Amino acid sequence: MASCSGHCGGCSGCARELTLSEGEIIFLRRLGEVAFLPVARQLGDLTPIFPETDGVENMSLILQVLEKKGLISLDYDKPLSGYAGYGDYPIQGSMALTQRGQQVLELMEYQGVH
């Protein structure tokens, strides 16, 4: 894991205490159940889209925050093969938990950290 100065603008991702919203926790748990989930973008737009959700705006924010906290990685060079749900999104990729995300999920699930 890379070291962090702790002066990154308050993302809560590098300090000893990590604050997660209910939506972030739910999504981390979902991503912990599978190895990869799809992510997409529109041309000229850096906003990540999770093609399996109705609340695209809220989910996009959750993805951005989880990525900034270092808990998930979004990789637009590795689309999920055979996934038909990308629809008309020209930029297709996948997302996964990072090592830190796996550690946080483990702490929440197995050690009762809240």
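The coordinates are above.
The structure contained in this document is the topic of the report that follows. The structure presented is a predicted model; accordingly, all values stated were derived computationally and were not measured.

### Observations regarding the packing of helix H1 (residues 22-33) against helix H3 (residues 99-110)
Running from N to C, H1 and H3 cross one another at 100 degrees; their axes reach a closest spacing of 10 Å. On the basis of their axis angle, the class for H1 and H3 is roughly perpendicular. Facing Ile25, Leu28, Arg29 and Gly32 of H1, the residues of H3 in contact are Val104, Leu105, Met108 and Glu109. Its residues assigned to classes, the contact of H1 with H3 comprises five nonpolar, one polar and two charged.

### Digging into the sheet that holds strand S3 (residues 91-97)
Note on sheets: strands pair through backbone hydrogen bonds, and any given pair is parallel or antiparallel. Spatial strand order, S1-S3-S2: three strands in an open sheet with antiparallel pairing. Here the strands that pair on one side only, and so sit at the sheet edges, are strand S1 (37-41) and strand S2 (72-75). Taking each pair of neighbouring strands and ignoring which way they run, the sheet shows an average axis angle of 30 degrees. Bridge count between S1 and S3: five bridges; the pairing is antiparallel. Its bridge partner lying in S3, proline 38 is registered against serine 94. Sitting on the sheet, H1 is in contact with S1, S2 and S3, with an inclination near 95 degrees to S3.

### With respect to the pairing of S3
Most of S3 is tucked away: six of the seven residues are buried. With four bridges joining them, S2 and S3 adopt antiparallel strand pairing. The partner of serine 73 across the bridge, within S3, is alanine 96.

### Re the environment of leucine 63
When you line up the elements, leucine 63 lands in helix H2 (residues 56-68). Note on leucine 63: relative accessible area 0%, which makes it buried. For the pair leucine 63 and phenylalanine 27, spaced 36 residues apart in sequence, the C-alpha to C-alpha distance is 8.7 Å. What leucine 63 contacts, discounting residues up to four positions off in sequence, is Phe27, Val39, Pro48, Ile49, Phe50, Ile72 and Met95.

How each quantity is defined
Residues numbered from 1 in each chain as written. Predicted model: local features only at pLDDT ≥ 70, side-chain atom pairs only at ≥ 80, totals over all residues. Heavy atoms only, no water. Axes fitted to C-alpha atoms, helices over the stretch in contact; angles between N-to-C directions. Helix = DSSP H or I, 4+ residues; strand = E, 2+ residues; numbered from the N terminus. Parallel < 35°, antiparallel > 145°, perpendicular 65-115°, else oblique. Contact = heavy atoms within 4.5 Å. Nonpolar A, V, L, I, M, F, W, Y, C, P; charged D, E, K, R; others polar. Pairing = 2+ DSSP bridges. Buried < 20%, exposed > 50% of the residue type's maximum accessible area, 1.4 Å probe, protein only.

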